[in-house]
Amino acid sequence: MRLKKLKIGRTELPGNLLLAPMADVTNLAFRLLCRQYGADMTYTEMINVDALLNESRKSFIRGVSSPEDRPFGIQLVGSCPEKLREAALIVEEEYRPEVIDINMGCPAKCITGAGCGSALLNSPELIYEIISELTDALKTPVSAKIRLLGREEKTLEIARLIEKAGASALTVHGRTAAQMYSGSSNLIEIKAVKNELSIPVIANGDIRDEESAERTLELTGCDGLMIGRAAMGNPVIFRRIRYYLENGEKLEADKQSRQLEDFEKYVTLIEEHNLLSSINLRMHAHWFTRGLPGSRQVREKINGLTDGKAITELMRSSCQEKY
Ligand SMILES: Cc1cc2nc3c(=O)[nH]c(=O)nc-3n(C[C@H](O)[C@H](O)[C@H](O)COP(=O)(O)O)c2cc1C
């Protein structure tokens, strides 16, 4: 199946491969890297509206995006329609994203305990209120990202309400919140949502390579694919999937050194955008060394380091020594 163009709100994307919002992963530097490899649209990590409204606003959202980070979506997590509106107006004014997405899928206790993320799926009326409030107040198109509800009719009810309230797109992760990440993404139920709505529906869950991307597009008939975990430490996945969908054949396997070269690019972007954080670098270093010979020793050494510069130097020297 060929790559399709995807239109979200006013924005026509050249393709339909999207980077999922992922907390602690999809910062500006990582999104820019995925973009270099052909991600058509990327989403920020979820931004908690209570934190945004309580903290010094400008400093809280500093470094969220930059002019070359286009097109992109900002994802908000919250449950109070008025606070979501207030926060959305702030990020709209500051960054002019192509879309503002509402997290209705996160199953983490710290999020659902506050009535946010997937907890919203138990309150269809509140979901309708939130999306209506935002679509009335914003110039920016609004989208939502949900999980399945366990019974197809319930999932379809929520999907219909989101569309009726004025959303421009809907992403569906084909698992229930109770499943967390167990089992596999239910493509049949994602397809049912796609068939029910007129707005673009984006399929998410378990797209990890060329074949799973093609299968997800074919089985769901969705307008776009959203890729999460498989992009961690592996931004080249966008190029590989894009090439396969366009040409029907795979690119040659990447050399192992690519992962470390990509980590170097990531570090350079982190430095350029003043986002240096040793915890974040350590996490990304783990993902970027996955599967490489000698990676265990490199990771052990990295774990002992707290200084961002030291981590990058260690990675650079391992890169030169080994590959
Ligand atoms: C580390 C991590 C952080 C995540 N953070 C978010 C988030 O901030 N917002 C969100 O909607 N989903 C979040 N997710 C869920 C992903 O966006 C995606 O729905 C899920 O991982 C399934 O897609 P995949 O199989 O391609 O990974 C996160 C997932 C992971 C693994």
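Residues numbered from 1 in each chain as written. Predicted model: local features only at pLDDT ≥ 70, side-chain atom pairs only at ≥ 80, totals over all residues. Heavy atoms only, no water.

- For the protein chain, the name recorded in an unreviewed UniProt entry is tRNA dihydrouridine synthase B, with Methanosarcina lacustris Z-7289 as its organism.
- Here the protein chain is described in UniProt, under the heading Cofactor (unreviewed entry), as follows: "FMN".
- One UniProt comment on the protein chain, placed under Function (unreviewed entry), says "Catalyzes the synthesis of 5,6-dihydrouridine (D), a modified base found in the D-loop of most tRNAs, via the reduction of the C5-C6 double bond in target uridines." (UniProt positions renumbered as here; feature names shortened; annotations may be inferred.)

Examining the packing of aromatic side chains
Next up, step 1: Under the definition given, this model contains five aromatic pairs.
Next up, step 2: When the centroid spacing of 6.4 Å and the interplanar angle of 70 degrees are considered together, the rings of Phe-30 and Tyr-266 count as edge-to-face. Of the two residues, Phe-30 is situated in helix α1 (residues 28–36) and Tyr-266 in helix α11 (residues 257–272); the sequence distance between them amounts to 236 residues. Here Phe-30 matches Tyr-266 in class, with each residue buried.
Next up, step 3: The lysine or arginine in question, Arg-147, covers the ring of Tyr-181, its NZ or CZ lying 5.3 Å from the ring centre. (Phe/Tyr/Trp six-rings, centres within 6.5 Å; stacked < 30°, edge-to-face > 60°. Helix = DSSP H or I, 4+ residues; strand = E, 2+ residues; numbered from the N terminus. Buried < 20%, exposed > 50% of the residue type's maximum accessible area, 1.4 Å probe, protein only. Lys NZ or Arg CZ within 6 Å of the ring centre and 35° of its normal.)

A closer look at the site of the ligand
Next up, step 1: Around the ligand, 16 residues are found, and the nearest of them are Gln-75, Lys-145, Asn-204, Asp-206 and Arg-229.
Next up, step 2: Take Arg-229: an N or O atom from its side chain is 2.7 Å from an oxygen atom of the ligand.
Next up, step 3: Computed on the free molecule, the ligand has an accessible area of 610 Å², of which 88% lies beneath the protein chains in the complex.
Next up, step 4: Taken together, the residues that form the shell around the ligand break down as seven nonpolar, six polar and three charged. (Near = heavy atom within 4 Å. Polar contact = N/O pair within 3.5 Å; in protein donor to acceptor, adjacent residues only side chain to side chain. Areas by Shrake-Rupley, 256 points an atom, 1.4 Å probe, with all protein chains shown as cover. Nonpolar A, V, L, I, M, F, W, Y, C, P; charged D, E, K, R; others polar.)

A word on the packing of helix α7 (residues 152–164) against helix α8 (residues 187–196)
Next up, step 1: Closest axis-to-axis distance for the α7/α8 pair is 10 Å, and the angle between their directions is 40 degrees. Judged on the interaxial angle alone, α8 and α7 are oblique. Crossing geometry of α7 relative to α8 is assigned as right-handed. Residues Glu-152, Thr-155, Leu-156, Ala-159 and Arg-160 of α7 lie in contact with α8, whose contacting residues are Glu-189, Ala-192, Val-193 and Glu-196.
Next up, step 2: Within the contact of α7 with α8, the residues separate by chemical class into four nonpolar, one polar and four charged. (Axes fitted to C-alpha atoms, helices over the stretch in contact; angles between N-to-C directions. Parallel < 35°, antiparallel > 145°, perpendicular 65-115°, else oblique. Left-handed = near helix turned anticlockwise from the far one by under 90°. Contact = heavy atoms within 4.5 Å.)

Focus on the domain arrangement of the protein chain
Interfaces are often sized by the accessible area lost when the parts come together.
Next up, step 1: Here the domain parsing of the protein chain yields domain 1 (6–247) and domain 2 (257–322).
Next up, step 2: Contact with domain 1, which involves 21 residues of that partner, is made by 16 residues of domain 2.
Next up, step 3: Each partner contributes to the roughly 1,500 Å² buried at the junction of domain 1 and domain 2, and carbon and sulfur atoms together form 62% of this total.
Next up, step 4: Where domain 1 packs against domain 2, one counts zero salt bridges.
Next up, step 5: In this assembly, domain 1 and domain 2 are joined by seven residue pairs in polar contact (both at pLDDT 80 or more). (Domains from an automatic or database assignment. Buried area = accessible area lost by both parts, 1.4 Å probe. Salt bridge = Lys/Arg side-chain N within 4 Å of Asp/Glu carboxyl O.)

Considering the pattern of salt bridges
Next up, step 1: Per the stated rule, a full pass over the model turns up 17 salt bridges.
Next up, step 2: Here Glu-210 makes a salt bridge to Arg-240, at a shortest N to O gap of 3.2 Å. With Glu-210 in helix α9 (residues 210–220) and Arg-240 in helix α10 (residues 237–247), this residue pair connects regions lying 30 residues apart in the sequence.
Next up, step 3: Judged by its relative accessible area of 6%, Glu-210 falls in the buried class.
Next up, step 4: Its relative accessible area of 15% is what places Arg-240 among the buried residues.
Next up, step 5: The salt bridge involving Asp-254 is made with Arg-258; its shortest N-O contact spans 2.9 Å.
Next up, step 6: On the basis of relative accessible area, Asp-254 is assigned to the partly exposed category, the value being 30%.
Next up, step 7: If you follow the salt bridges from partner to partner, you end up with Glu-210, Arg-240, Asp-254 and Arg-258 in one network.

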